[in-house]
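# Observations on chain architecture
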Amino acid sequence: MVAAPSTSVESLCVNSIRFLAIDAINKSNSGHPGLPMGCAPMAFALWDKVLKHNPKNPKWFNRDRFVLSAGHGCMLLYALLHLTGYDSVTIEDIKQFRQWGSRTPGHPETFETPGVEVTTGPLGQGISNAVGLAIAEAHLAAKFNKPGCDLVDHYTYVIMGDGCNQEGVSGEAASLAGHLGLGKLIALYDDNHITIDGNTSVSFTEDVLKRYEAYGWHTIHVKDGNTDVAAIAQAIEAAKAVTDKPSLIKVTTTIGYGSPNKANTAGVHGAALGAEEAELTRKALDWSYGEFEVPQDAYDHWRQAISRGEALEATWNASLATYRSQYPAEAAEFERQLRGELPQGWDASLPSFSPEDKGLATRMHSYNALNAFGPNLPELIGGSADLTHSNLTDIKGEASFQKGAEANRYLHFGVREHAMAAIMNGIAYHGSGLIPYGGTFLVFAGYMIGAMRLSALSELGVIYVLTHDSIGLGEDGPTHQPVETLANLRAIPNLLVMRPGDGNETMGAYQVAVTNRKRPTVLALSRQAMANQPGSAAAHVAKGGYILEDSNGTPELILIGTGTELELCTKAAAQLRAEGKNVRVVSMPCVELFEEQDAAYRESVLPAAVRKRVVVEASSSFGWHKYTGFDGACISIDRFGASAPGPVCLEKFGFTVDNVVATAKSLG
């Protein structure tokens, strides 16, 4: 039931959110009005009374972070940005909601709209990103804050819905957040009992607060989220007072509040109200203003956020100046990190390898790389999803990030691959120069793919250390053998997929991964050892593909290999040359980088005139035919693997020198 109309400034401010959302969605005839209409009071309570931010500087470091996990309700966020005075969202931008080239896309995109902290829409991702944001804040505070000078001191706030709480990734992330005691993480749960299929009673009847209590969260319930702004604000302040636990505030609301015919129905979730219902809603809420019209009293009140924010930033800048004078070394390190500058010589200790050096698995080369540059790169933070001793992701001497030990930088994510990826995204979203990395088996990228896709979409320099990269892992069998995974990952735009073929290429892959701060990188690493190649070098990896061994003159045959199969190519080439064949071996550690080279370079490596080509990779052939053409061949695996010792699996599936030679000869 709609409460009695009010003409108070507070009511004007709340309803200005609702009607900007209604009007924008009606104009585009597309969108989700229900959430902005129901969440407007909690958004007003948070943004007007609590949130620390500066609309004139969306990137001010010590701002509170706000995450709209229920990203489909993005008109709530766009309305807030506009009303509080962000230059990125004008009234014209509101009118262009969901249109080509607008700064108000159909779900929030951090790379598109200043003031949007994270890209959300896939439910459960935002609250999981928020855990990463809170980890970043806690880590930096523990590392840089000094007595009497809290340089890092901000909260992460989330609005999430029933859908977010049903997604498994949110449970994974919330469980870890409770374990870590992230007291500066506060989530407001929009408890409106409606999803697309109707009332949540058809599928979701658990006691959410009890679940979060079991996770180790502090919980509060605000029973009237439709009108009681004061109760919501009080609940947020009560949550802030609990410093050793994250907090969940359940705010019971009515979806589509104010709509006489559609409120509290699934019909208002994802469809425009329409002109007639919008007019009825105006009458019900005593809103006498036209489309896209915001009363001046509301603007005047909302825009006080500008002066508050500028004062907050000025105070913080003064604190930073004091910090510089008292702790110059720490200040220099802090500001270098914020600028995103890597330390001088961060990779100077990376080793290089010759064929005389012992052949190792690339997961071991990865371990050696992390331990060579990790101590020189203090912004590196990460760990493994409970596979530390298999992924080899630990750095000697680095202790575990835990409650009360947040300055440490090794993260035990637990058996939570999806949350790990989403949390790493959150750390990267924080904008503090931290470089997150995380390890699991390559096959479990299938669990993480939603978050990995968002890493790429949002241009986040996350590093995925994914080991056990083929059927060569052996006895664990087809459930753990990632035959299709590389093809899946290579299909994602802006994601670099690296499969290094020896120690030098592994070092080069890390150099690319660390220096690419706007692209995530997958390091696909082997369990089994391989020889170091005489023609390899870390610097070659940045080209994506290169001539590892050349022929005498124009080649008649090109062998293209990646990872452990690169060694098969070089051994097969030696046999073929002994038989008089003119053979070139090309290493292709990263298809994406090779494709980005100019045409002349690509032609120099893979001349179009050379049509006899063999690709050797213990993975799906999907995507490789671009390089083999109609006259070439793939030695690949286009079925599931088998349980047997790794060498047996490789032999049975044709990954032998003899088969490479025979396949090459079969091309004529």
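Residues numbered from 1 in each chain as written. Predicted model: local features only at pLDDT ≥ 70, side-chain atom pairs only at ≥ 80, totals over all residues. Heavy atoms only, no water.

### A word on the overall build of the protein
Threshold: Going along the chain from the N terminus, every DSSP run of H or I of four or more residues is numbered as a helix, and every run of E of two or more is numbered as a strand. Here the globule rule reads 2.2 Å times residues to the power 0.38, and the radius of gyration is calculated from C-alpha atoms. The cut-offs for exposure are 20% and 50% of the maximum accessible area for each residue type, with area from a 1.4 Å probe on protein chains only; residues under the lower value are buried, those over the upper are exposed, and the others partly exposed. We call two residues in contact whenever any of their non-hydrogen atoms come within 4.5 Å of each other. The Shrake-Rupley method, run with a 1.4 Å probe, gives the accessible areas here. Residue values count only the displayed protein chains as cover.
The helix and strand tally for the protein stands at 25 helices and 20 strands. Radius of gyration (C-alpha) of the protein: 28 Å, near the 26 Å computed for a compact globule of 668 residues. C-alpha atoms of the protein, sized along the principal axes, occupy 90 × 60 × 45 Å. The burial tally for the protein puts 61% of its 668 residues in the buried class. Considering only intrachain contacts with a sequence separation of at least 6, the fraction spanning at least 24 residues in the protein is 77%. Total accessible area on the protein stands at roughly 23,900 Å², and carbon and sulfur atoms take up 51% of it.

### Description of the layout of surface pockets
What counts is decided by this rule: A 1.4 Å probe that fits but cannot get out identifies a cavity on a 1 Å grid over protein atoms alone, an open set with protein on both sides within 12 Å along at least five of seven lines counts as a pocket, and a residue lines either if it has an atom within 4 Å of a point. Grid points are joined across faces, edges and corners, and a volume is the space filled by probe spheres set on the points. Residue classes follow a fixed rule: Ala, Val, Leu, Ile, Met, Phe, Trp, Tyr, Cys and Pro count as nonpolar, while Asp, Glu, Lys and Arg count as charged, and any other residue, Gly among them, counts as polar.
Here the largest pocket defines a volume of roughly 690 Å³. Together, 33 residues line the largest pocket, and Ala-428, Gly-431, Glu-459, Arg-517 and Lys-518 are the ones closest to its centre. Mapped by element, the contributors of at least two residues to the lining of the largest pocket are helix H13 (328-339) and helix H16 (417-429). Tallied by class, the residues present in the lining of the largest pocket amount to 12 nonpolar, 11 polar and 10 charged.

### Some details on the UniProt feature "site: Important for catalytic activity" (unreviewed entry) in the protein
Selection rule: UniProt positions are given in the numbering used here, feature names are shortened, and annotations may be inferred rather than shown by experiment. In the analysis that follows, any N or O atom pair within 3.5 Å is treated as a polar contact, provided that within protein one partner can donate a hydrogen and the other can accept it, and provided that, for residues neighboring in sequence, both atoms belong to side chains.
Feature annotation in UniProt places "site: Important for catalytic activity" (unreviewed entry) on His-32 and His-269, given in this structure's numbering. Their sequence span is 238 residues, while the largest C-alpha to C-alpha distance among them is just 5.4 Å; these annotated residues converge on one region. Among the structural elements, His-32 can be located in the loop between helix H1 (9-28) and helix H2 (34-49). Among all residues touching His-32, those that are not within four sequence positions of it are Ile-25, His-72, Gly-73, Arg-98, His-269 and Gly-270. Of note is the side chain of His-32, whose polar atom sits 3.4 Å from the backbone oxygen of His-72. Residue placement: His-269 occurs in the loop between strand S7 (247-252) and helix H10 (275-284). Excluding residues that lie within four positions of it along the chain, His-269 makes contacts with Gly-31, His-32, Pro-33, Gly-34, His-72, Ile-196 and Ile-255.

### Let's talk about the packing of H16 against helix H17 (residues 445-457)
Two measures define how a pair of helices packs: the angle their axes make with one another and the distance between the axes. Let me state the cut-off plainly: Lines fitted to C-alpha atoms define the axes here, with helix axes fitted over just the stretch in contact, and angles between the N-to-C directions of these axes take values from 0 to 180 degrees. With respect to orientation, any angle under 35 degrees is reported as roughly parallel, any angle over 145 as roughly antiparallel, any angle of 65 to 115 as roughly perpendicular, and every other angle as oblique. By convention, the crossing between two helices is left-handed when the near helix turns anticlockwise from the far helix through less than a right angle, and right-handed when the turn is clockwise.
Two numbers describe how H16 lies on H17: the axes approach to 7 Å, and their chain directions differ by 15 degrees. Between H16 and H17, the angle is such that the two are roughly parallel. Crossing handedness for the pair H16 and H17: left-handed. Judged by residue contacts, Glu-417, His-418, Met-420, Ala-421, Ala-422, Asn-425 and Tyr-429 of H16 engage Tyr-447, Met-448, Ala-451, Leu-454 and Ser-455 from H17. For the contact of H16 with H17, the residue count by class is 8 nonpolar, 3 polar and 1 charged.

### Considering the UniProt feature "binding site: thiamine diphosphate" (unreviewed entry) in the protein
As annotated in UniProt, the feature "binding site: thiamine diphosphate" (unreviewed entry) corresponds to His-72, Gly-121, Pro-122, Leu-123, Gly-163, Asn-192, His-269 and Phe-444 in the numbering used here. With a sequence span of 373 residues, these residues are also far apart in the fold, their greatest C-alpha distance being 34.1 Å. Structurally, the position occupied by Gly-121 is in the loop between helix H4 (91-95) and helix H5 (125-144). Apart from residues lying up to four places away in sequence, Gly-121 is in contact with Ser-69, Gly-71 and His-107. Note on His-269: relative accessible area 13%, which makes it buried.

### Quick word on helix H7 (residues 168-180)
Our working definition: What a helix is expected to span follows from its residue count: subtract one and scale by 1.5 Å.
When the terminal C-alpha atoms of H7 are compared, their 19 Å separation across 13 residues agrees well with the 18 Å that a helix rising 1.5 Å per residue should span. Buried residues of H7: Val-169, Ser-170, Gly-171, Ala-173, Ala-174, Leu-176, Ala-177, Gly-178 and Leu-180, and no others. If you follow the buried residues of H7, they end up packed against H5, helix H6 (162-166), strand S3 (185-191), helix H8 (208-215), strand S10 (410-412) and H16. With its phi angle positive at about 65 degrees, Gly-181 sits one or two positions after the end of H7.

### Considering the sheet that holds strand S11 (residues 435-441)
Counted only if it meets this: A strand pair is defined by DSSP finding two or more bridges across the two strands.
Ordered in space as S10-S9-S11-S12-S14-S13, the 6 strands form an open sheet in which the pairing is parallel. The open sheet terminates on both sides in strands that have one partner only, identified here as S10 and strand S13 (496-498). Neighbour-to-neighbour, the strand axes of the sheet open up by a mean angle of 20 degrees, direction not taken into account. Judged from the 4 bridges that link them, strand S12 (residues 463-467) and strand S14 (residues 521-524) form a sheet pairing that is parallel. Residue Tyr-464 lies in a different strand from S14, and its bridge partner there is Val-522.

### Quick notes on empty space enclosed by the protein
What the rule picks out here adds up to 4 cavities of 30 Å³ or more. Roughly 80 Å³ of volume is contained in the largest cavity. Taken together, Trp-47, Leu-51, His-53, Pro-58, Arg-63, Asp-64, Arg-65, Phe-66, Tyr-86, Gly-115 and Glu-117 make up the full set of residues lining the largest cavity. Along the lines of polarity and charge, the residues of the lining of the largest cavity split into 5 nonpolar, 2 polar and 4 charged.

### Concerning the pattern of salt bridges
Definition in use: Just to be clear on terms, a salt bridge is a Lys or Arg side-chain nitrogen sitting within 4 Å of an Asp or Glu carboxyl oxygen.
Under the counting rule described, the total for this entry stands at 27 salt bridges. A salt bridge links Arg-339 to Glu-341; the nearest nitrogen and oxygen atoms lie 3.0 Å apart. Under the relative-accessibility criterion, Arg-339 is labelled exposed at 52%. In this structure, the salt-bridge partner of Glu-398 is Arg-409, at a minimum N-O distance of 3.1 Å.

### Structural notes on the packing of aromatic side chains
The test is simple: Any two rings among Phe, Tyr and Trp, with Trp reduced to its six-membered ring, count as a pair given centres within 6.5 Å; such a pair is stacked if its planes are under 30 degrees apart, edge-to-face if over 60, and tilted if neither.
Evaluation of the coordinates by the stated rule reveals 20 aromatic pairs. On the basis of an interplanar angle of 85 degrees and a centroid distance of 5.3 Å, the ring pair of Phe-61 and Phe-334 is categorised as edge-to-face. Of this pair, Phe-61 sits in the loop between H2 and strand S1 (65-68) while Phe-334 sits in helix H13, and the two are 273 residues apart along the sequence. Under the relative-accessibility criterion, Phe-61 is labelled buried at 6%. Between Tyr-323 and Tyr-327, the ring centres sit 5.3 Å apart and the planes meet at 50 degrees, which makes this aromatic pair tilted. Taken together, the ring pairs in this structure connect Phe-61, Phe-144, Trp-316 and Phe-334 into an aromatic cluster.

### Some points on the domain arrangement of the protein
So the rule is basically this: Throughout, the edges of the domains are those of an automatic or database domain assignment.
Domain annotation of the protein identifies domain 1 (30-309), domain 2 (362-524) and domain 3 (543-666). A C-alpha centroid distance of 51 Å is found between domain 1 and domain 3.

### Brief notes about the sheet that holds strand S20 (residues 633-635)
In a beta sheet, neighbouring strands are held together by backbone hydrogen bonds and run either parallel or antiparallel to one another. The mixed open sheet is built from 5 strands, whose spatial order is S16-S18-S17-S19-S20. Among the strands making up the open sheet, the edge pair consists of strand S16 (546-549) and S20. Recorded for the sheet is a direction-independent mean angle of 30 degrees between the axes of neighbouring strands. Looking at chain direction, strand S19 (residues 613-616) and S20 are connected through 3 bridges and run parallel. Among the inter-strand pairings, Val-614 is bridged to a residue of S20, identified as Ala-633. Helix-sheet contacts for helix H25 (residues 657-666) involve strand S17 (557-561), S19 and S20, and the interaxial angle to S20 is about 170 degrees.

### A closer look at the packing of helix H20 (residues 565-578) against H25
Interaxial distance between H20 and H25 falls to 9 Å at its minimum, and their mutual angle equals 60 degrees. Comparing their axes, H25 and H20 come out oblique. The handedness of the crossing between H20 and H25 comes out as right-handed. Between H20, through Leu-568, Lys-571, Ala-572, Gln-575 and Leu-576, and H25, the contact on the second element is made entirely by Val-657, Asp-658, Val-660, Val-661, Ala-664 and Lys-665. In terms of residue class, the contact of H20 with H25 is made up of 7 nonpolar, 1 polar and 3 charged.

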